[in-house]
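Structural description and commentary
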Amino acid sequence: MRTGAAIARHPDWREALAELTGQIPLLSGEDEVQLALLFASSEYRPEFPDLVARAAECTGAHVLVGCSGQGVIATGREIEGEPALALLAFSLPAAELTAVHLTQEDLERYHTSQDWHRLTGVAPEGASAWLLFADPFTMDAEALLESLSTAYPGTPLVGGLASGDPRLRGTHLFLNGEVYERGAVALALGGPYTVSTIVSQGAAPIGETGAITRAQGNIIETIAQRPAYQVLVDTLRGLSPEMQRRAQRNLLVGLGMDERRGEFRRGDFLIRNLLGIDQERGTLAVGALPRVGQTLQFQLRDPDAADEDLRELLKRMRTELGPRQPVGALLCSCNGRGVGLFGTADHDARTLADFLGPIPAAGFFCNGEIGPVGAQNFLHGFTASIALVIPEEAG
């Protein structure tokens, strides 16, 4: 069981691909490559068909999936806005891998779980996880998540929405030697492997938790029987001057995903935008549909909060893994993170390596990130969503 990852920057994709394959010993050895994840800068857009066909040939992978990105990521490195490739190759003996291309028409045609089992060729218990890459312009990603989550309950979905030149409404998806400009590509990973996930939504909790006691649609009316707006005001007044300054333009809400928890920690909340405030009515509008009884905690998002959140979640994961060792990692980071948020390159990739070691990793900068919070899968923003592939026998 071997893995390898590399990243290469070059105006000519042929040179970049040759550099990649030369950096990954697995590709020149005798091991079979069951899976390759390929992420390509949108600067190569006109030549994607040749690039992807050649990558499938060079890796010899049974399955190759990936997509275009405004930037690409590998172990400890991130390259944004320049022509570059990232590749992660796996030798996964006995892995069960099924990859499919899905379209918006599939979403509109197939409605039952049985439909999706037939469409994908994957049985209800046939996947430890799904890796998912979708075009944001031609696929209703939230509807796709809902359909796959219903058909495969309890199975994590991890990935992101492909990105590209923001001036052009279009992205590209890779499946084996083919390139698609519409829909999504989904990979089911089964066999003697598990997938652990980290979904760092880049926010820090402020104030205390409270239960929502009245809500209609996306409007929160009362928290702990008090006007929601007044709870927000009191929360902000209770912060230090420095925290008040940080929270001024970066307020969000966190909605607890598992009410059975006695204590909520980072990672237990779905982070959503605070859309509006009605002081007269004392209500808050949020970018979700909150439930009465659901636990809420206000959050702030800025570079310090995003750094702190990722570090704390990775530290917790390191403890939870114990002796188990991941053989590879998929890292999907929002295109609103990177240098634009942190001011320096390589933040998310370097932090992953700092806490979990130099695990072979690859990924890209997304138009939206996919990952579970609690037992439910969601589409996120400003998030780093990570999937760790772990052999069962390693435990």
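Attention here is on the structure that accompanies the text. (Residues numbered from 1 in each chain as written. Predicted model: local features only at pLDDT ≥ 70, side-chain atom pairs only at ≥ 80, totals over all residues. Heavy atoms only, no water.)

1. Some remarks on the overall build of the chain
The helix and strand inventory of the chain stands at 10 helices and 26 strands. Taking 21 Å as the expected radius of gyration for a compact globule of 395 residues, we find that the chain reaches 21 Å, a close match to that expectation. Dimensions of the chain along its principal axes, counting C-alpha atoms only, are 65 × 45 × 45 Å. Across the 395 residues of the chain, 55% fall into the buried class. Averaging the coordinates of the 32 positive side-chain charges in the chain and doing the same for the 49 negative ones gives two points 6 Å apart. (Helix = DSSP H or I, 4+ residues; strand = E, 2+ residues; numbered from the N terminus. Rg over C-alpha atoms; globule rule 2.2 N^0.38 Å. Buried < 20%, exposed > 50% of the residue type's maximum accessible area, 1.4 Å probe, protein only. Lys, Arg positive; Asp, Glu negative; His and termini not counted. Charge placed at Lys NZ, Arg CZ, Asp CG, Glu CD.)

2. A closer look at the state of the cysteines
In the structure shown here, the tally under the stated rule is 0 disulfides. Considering cysteine sulfurs only, C67 is the nearest to C58, which forms no disulfide, with 19 Å between them. The structure places no disulfide on C334, whose sulfur is separated from the nearest cysteine sulfur, that of C366, by 7.5 Å. (Disulfide = S-S within 2.5 Å.)

3. Things to note about the sheet that holds strand 6 (residues 84-90)
Here 6 strands make up an open sheet; going across it, the order is 1-6-2-3-10-11 and the pairing mixed. At either end of the open sheet lies a strand with only one pairing partner, and these are strand 1 (3-9) and strand 11 (178-180). Neighbour to neighbour, the strand axes of the sheet diverge by 15° on average, direction disregarded. Most of the contacts of helix 1 (residues 13-23) go to strand 1, to which it runs at about 150°, and overall it touches strand 1 and strand 6. (Pairing = 2+ DSSP bridges. Axes fitted to C-alpha atoms, helices over the stretch in contact; angles between N-to-C directions. Contact = heavy atoms within 4.5 Å.)

4. A short note on unusual backbone geometry
Residue A94 is not a glycine yet carries a positive backbone phi of 70°. Backbone geometry places Q225, a non-glycine residue, at a positive phi of 70°. Mapped onto the elements, Q225 comes out in the loop between strand 16 (219-223) and strand 17 (226-227).

5. Digging into a negative patch on the surface
Together, E105, E108, D140 and E142 make up a region of like negative charge exposed at the surface. Within the secondary structure, E142 is located in helix 5 (residues 141-151). (Patch = residues over 30% accessible without salt bridge, like charges linked within 9 Å, V, L, I, M, F, W, Y side chains within 5 Å. Areas by Shrake-Rupley, 256 points an atom, 1.4 Å probe, with all protein chains shown as cover. Salt bridge = Lys/Arg side-chain N within 4 Å of Asp/Glu carboxyl O.)

6. Some details on the side chain of T155
Among the structural elements, T155 can be located in the loop between helix 5 and strand 9 (157-161). The residues contacting T155, other than those within four sequence positions of it, are A127, S128, A129, W130 and N377.

7. Examining the packing of aromatic side chains
For the structure on display, the rule yields 6 aromatic pairs. On the basis of an interplanar angle of 55° and a centroid distance of 5.1 Å, the ring pair of W130 and Y152 is categorised as tilted. Pair noted here: W130 is in strand 8 (residues 129-134) and Y152 is in the loop between helix 5 and strand 9, with a separation of 22 residues, a long-range link. For the pair W130 and Y152, one class covers both residues: buried. Between the aromatic rings of F133 and F364, the centroid separation amounts to 6.0 Å while the plane-to-plane angle is 70°, which identifies the pairing as edge-to-face. Note that F133 is positioned in strand 8 and F364 in strand 23 (residues 361-366), a separation of 231 residues in sequence. (Phe/Tyr/Trp six-rings, centres within 6.5 Å; stacked < 30°, edge-to-face > 60°.)

8. Observations concerning the sheet that holds strand 4 (residues 71-74)
Spatially, the 6 strands line up as an open sheet ordered 5-4-23-22-26-13, and their pairing is mixed. Every other strand in the sheet has two partners, leaving strand 5 (77-80) and strand 13 (193-200) as the edge strands with one partner each. Across this sheet, the average inter-strand angle for adjacent strands is 15°, counted without regard to direction. For strand 13 and strand 26 (residues 384-391), the ladder comprises 8 bridges, and the chain directions are antiparallel. Bridging from a neighbouring strand, V195 pairs with V389 of strand 26. Along the sheet, helix 8 (residues 303-321) makes contact with strand 13 and strand 26, crossing strand 13 at roughly 155°.

9. What about the pattern of salt bridges?
A complete count under the given rule lists 18 salt bridges for this structure. Ionic pairing is found between E221 and R214, a salt bridge with its closest N-O pair at 2.6 Å. Assessed through its relative accessible area of 44%, R214 is described here as partly exposed. Note that D302 is salt-bridged to R246, the shortest N-O span being 2.8 Å. Of this pair, D302 sits in the loop between strand 21 (295-300) and helix 8 while R246 sits in helix 7 (residues 241-247), placing them 56 residues apart in sequence. Neither D302 nor R246 differs from the other in exposure class; each is buried. Salt bridges here are not isolated pairs; linked through shared partners, they connect R266, E308, D309, E312 and R316.

10. Observations concerning the pairing of strand 5
The pairing of strand 4 with strand 5 spans 4 bridges and is classified as antiparallel. Bridge pairing links V72 to I79 in strand 5. Connecting strand 4 to the next strand, strand 5, in antiparallel fashion are 2 residues, including G76 with a positive phi near 75°.

11. Concerning the nonpolar core
One finds L35, L37, F39, F90, L92, F133 and L330 to be the most contacted residues of the largest nonpolar core, which totals 37 residues. Counting residues per element, this core draws most heavily on strand 6, at 4 residues. If we ignore the near neighbours within four places in the chain, the residues touching F133 are F39, V65, G66, C67, G159, G160, L173, A184, V185, L330, C332 and F364. Core analysis: the next-biggest nonpolar cluster, separate from the first, contains 28 residues, I223, L239, L270 and V373 among them. (Core = buried A, V, L, I, M, F, W, Y, C linked by side-chain atoms within 4.5 Å.)

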